[in-house]
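Each chain is listed here by its residues.
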Amino acid sequence: MANRIDRDEKIDLTPLLEVLANRFRPRDDQEAYELIVGACQEAQRLYGWVPPEAAQAIADHLGVTINRVYGLLTFYADFRTEPPGKHFLWLCHGAACYVMGSSRLIELLRDRHQLVDHGVSPDGELTLHVFNGCLGVCDLAPVIQVDHHEYWGRLTPERLEAAIEALKRGDRLEDADGTAG
Amino acid sequence: MARLADRQAFERYAAEAQARWERLWAGDHWVISVGISECSIAKGALETYRHLELLLAQEGIPATLRRVGCAGWCFAEPFVEVRAPGAPPVVYGNVTTDRVPDLVHALKRGEVKSEWALGARADEPFAGVQPLSQHPFLARQRRLLFADAGVIDPESIDDYIARGGYRAFLKALFEMTPDEVVAEVKASNLRGRGGAGFPAGIKWESGRRTQAWPKYVVVNSHEGEPNVFKDRRLLETNPHLVLEGLLIGCYALETPYGYNYIGGEHALAVERFQEAVRQAYELGLLGDNILGTSFSCHIRVRTGGGAYICGEGSALMYAIMGQRGQPRTKPPRSVEEGLWKRPTVLNNTETFASVPSIVLNGGAWYASLGTEQSTGTKLVTIQGPVKRLGVAEIEMGMTMRELIFEVFGGMREGYRFKGVQTGGVSAGPLREDQLDVPVDFDSLTELGGMLGSGGFVVFDESVCAVDFARYLMAFNRYESCSKCNPCRLGNPALVEILDRIRNGFGRPADLDIIREGAKHIIELSLCGLGQVAPMPLLGMMKAFPEEFDAHIREKRCPANVCPIREAALVAAGDD
Ligand SMILES: Cc1cc2nc3c(=O)[nH]c(=O)nc-3n(C[C@H](O)[C@H](O)[C@H](O)COP(=O)(O)O)c2cc1C
Ligand code: SF4
Ligand code: FES
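Description of the structure in this document.

Rules used throughout
Residues numbered from 1 in each chain as written. Chains lettered and ligands numbered in written order. Predicted model: local features only at pLDDT ≥ 70, side-chain atom pairs only at ≥ 80, totals over all residues. Heavy atoms only, no water. Helix = DSSP H or I, 4+ residues; strand = E, 2+ residues; numbered from the N terminus. Buried < 20%, exposed > 50% of the residue type's maximum accessible area, 1.4 Å probe, protein only. Contact = heavy atoms within 4.5 Å. Areas by Shrake-Rupley, 256 points an atom, 1.4 Å probe, with all protein chains shown as cover. Lys, Arg positive; Asp, Glu negative; His and termini not counted. Charge placed at Lys NZ, Arg CZ, Asp CG, Glu CD. Phe/Tyr/Trp six-rings, centres within 6.5 Å; stacked < 30°, edge-to-face > 60°. Buried area = accessible area lost by both parts, 1.4 Å probe. Salt bridge = Lys/Arg side-chain N within 4 Å of Asp/Glu carboxyl O. Polar contact = N/O pair within 3.5 Å; in protein donor to acceptor, adjacent residues only side chain to side chain.

## A short note on the overall build of chain A
Line of reasoning, step 1. A count of helices and strands for chain A gives eight helices and four strands.
Line of reasoning, step 2. When the helices and strands of chain A are read in sequence order from the N terminus, they spell out α-α-α-α-α-β-α-α-β-β-β-α.
Line of reasoning, step 3. Dimensions of chain A, computed from the C-alpha atoms along their principal axes, are close to 55 × 35 × 25 Å.
Line of reasoning, step 4. Here chain A holds 181 residues, and 59% of them are scored as buried.
Line of reasoning, step 5. Partitioning the intrachain contacts of chain A with sequence separation of at least 6 by distance along the chain shows that 61% fall at a separation of at least 24.
Line of reasoning, step 6. Taken as a whole, chain A presents about 8000 Å² of accessible surface, with 48% of it coming from carbon and sulfur.
Line of reasoning, step 7. Taking the average location of the 18 positive side-chain charges in chain A and that of its 29 negative ones, the two points are 2 Å from each other.

And the structure:
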């Protein structure tokens, strides 16, 4: 998931078309409208972003206009209409994480890695989404979900720096969730 | 699996499920349960599970390994419950994969490993382990919605039925008219758990009264606030309870159309609720002519895409309809004109989950819980540096002090309590001297706080009141849907003023400008987001006036958080 996809690389729509054919079968117009967001979420799960070809395929499949699809893609914070970097960082900026210092992590990523919300770092390694809500794992605050499965918890700027180093080397951080200490 | 044809078929099925449940806990094999939830997965519960699986096989221990939901004790995840033959189940906390061999080997030797135990599911102490119900996190709780949390497998409808699930729905379907169901919900005085506290029974009654078809019943599981995580935990740990509440709601409104709108970020909650719907269809508790009656019901699950505003009722309905989720002016209210312009009853996840016990035990019984004006139990979450972070279910009316310092264990080592933010991004904080306020709808409001969805944020001395106010304002600014001007332009202006103050350029007049601007935003905004957006800021100014003063007059941030320090140094020509 979320592998680096160059803009000029061709998107293979087969898996998306399969999912659409199997799981997105509206019985009427109303249901077709209801399914747009879900279909876009599937596309993002498959490609790490919603490429224009995928958006068009969704519009065609559901019989809605491409404007309608982009209207939603640009409304919701979760969607990406640009390719992501190699690794995906989902930084929680919920209240627990704020209280425990997530602002300092956001500053560090901005100042040291030129990485801002919804951006990609210049080396193409990291994508950052700052989540304006709670990731639901507040006991680990402040926390970052990495590549959709791993968590870096109880972060300090120093631990985040070490975690990023390890990630780029392809290693795993010792005590990643921060609860051993 | 064949669809159950009628009530007798359900009764037979339930009896079998119950017998299986009892056999599970009686035989001379081990029963080992691992809590699998979003937060335990984050702490490695899946590794713990796999490790246990491997080791039990290696050691040749005859055991049933189960997955259960979370029990609300985030602080103790991952947890493992072990029932050895002849002994009561013992719950162990913080069983990370490295602890698994020690635990299994000790148990095999017949040792109880009491130092890792949270408690035993027994009325008396067992081998040095206290009853779980006496654990300080649980002793003061009253669990209705969370009664089976961490006990049943959320992905098993049989577990739910074995524990009495779907009894309330059957009672409504076979023994009550829709009007009688609404009457019980009204008698319970159940107030909406999504924030505003509107009586659910009255909403259901207006929904019934509107003469237009079809009607819709919708669960609001969006939970996009930054300060709460209770609805997704409920869906993760007992999805059938919410589904049963929704079914009863559809029956009360005499409609076959139910929805659950779940925040797309809550992946496990979505997955488990969808699985619950699938199982209910399979068993014939959803679909056409349920259990041979004329009542049919179909449930659709829709997911959000990370816009807080989509939790607002009218915005949520546009979002379901595949439009940008922006609120509209009211009236008409949703119960008159909601989804697809039809009467729609929208309630919070927790509100629906409270309905089965009301139908089973009666509205009067429910009304005897909690306080007179805020009946029943409430799921609450506390965030911040407390010792026992998690989800608790308490009777309304417990004081905030008891909640923070007894249930959630008070502050972690090295942190000093400064305040607790209530009502998330919609109200103000309480200070230490205000903590004796009862946690219910009306008492908190009197102090400028809010029960809201029940998510409270405890903060310590390292948090600056001005910076915290800015954080909460910036949240509302970011999440504003930009449909109306007071909210779209007013909130950024307030953030800008706060930034000026944080950077050391605040002026004494700024506080008045904030008050004046806030008044306009509150009075003129179109929806509930704008109408309360400045409340956290006003609340912080009221609770911590000395901090705003220090920033503005003394150009100093007492908590040493704001960029003011560097600004002041630059101004003084010093570096
Ligand atoms: C900006 C905004 C966000 C909201 N988010 C939620 C939410 O995530 N969940 C929820 O149940 N109610 C939310 N509400 C409240 C709903 O509008 C509505 O009052 C509630 O879902 C009704 O259910 P209840 O009466 O059971 O509380 C929100 C309101 C506003 C103004
Ligand atoms: S108050 Fe804010 S969120 Fe509500 S409609 Fe107006 S701009 Fe949108
Ligand atoms: S606020 Fe970050 S996980 Fe809850």
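Continuing now.
## Side note on the packing of aromatic side chains
All names here are of chain B.
Line of reasoning, step 1. Evaluated as defined, the whole model comprises 21 aromatic pairs over all chains.
Line of reasoning, step 2. Pairing Tyr216 with Tyr257 gives two aromatic rings, centres 5.7 Å apart and planes at 40°, and the pair type is tilted. One end of the pair, Tyr216, is in strand 6 (residues 216-221); the other, Tyr257, is in strand 7 (residues 257-262), and 41 residues separate them in sequence.
Line of reasoning, step 3. With a centroid separation of 5.0 Å and an interplanar angle of 65°, the aromatic rings of Tyr308 and Phe475 are classed as edge-to-face. Here Phe475 lies in helix 18 (residues 465-479) and Tyr308 lies in the loop between strand 8 (298-303) and helix 13 (313-320), a separation of 167 residues in the sequence.
Line of reasoning, step 4. A relative accessible area of 2% places Phe475 in the buried class.

## Considerations on the interface of chain A and chain B
Line of reasoning, step 1. Listed per partner, the contact involves 40 residues of chain A and 54 residues of chain B.
Line of reasoning, step 2. Summing both sides of the interface, chain A and chain B together bury roughly 3700 Å²; the carbon and sulfur share of this comes to 54%.
Line of reasoning, step 3. For the chain A face of the interface with chain B, the top three residues by lost area are A:Glu34, A:Phe75 and A:Tyr98, together amounting to 18%.
Line of reasoning, step 4. For the interface between chain A and chain B, the tally reads six salt bridges.
Line of reasoning, step 5. A salt bridge links B:Arg300 to A:Glu31; its shortest N-O distance comes to 3.5 Å.
Line of reasoning, step 6. Run the count over chain A and chain B and you get 25 residue pairs in polar contact (both at pLDDT 80 or more).
Line of reasoning, step 7. Those elements that place two or more of their residues in the side of chain A that touches chain B are helix 2 (29-34), helix 3 (36-47), helix 5 (66-73) and helix 6 (95-99) of chain A.

Keep in mind these numbers describe shape, not what the thing actually does.
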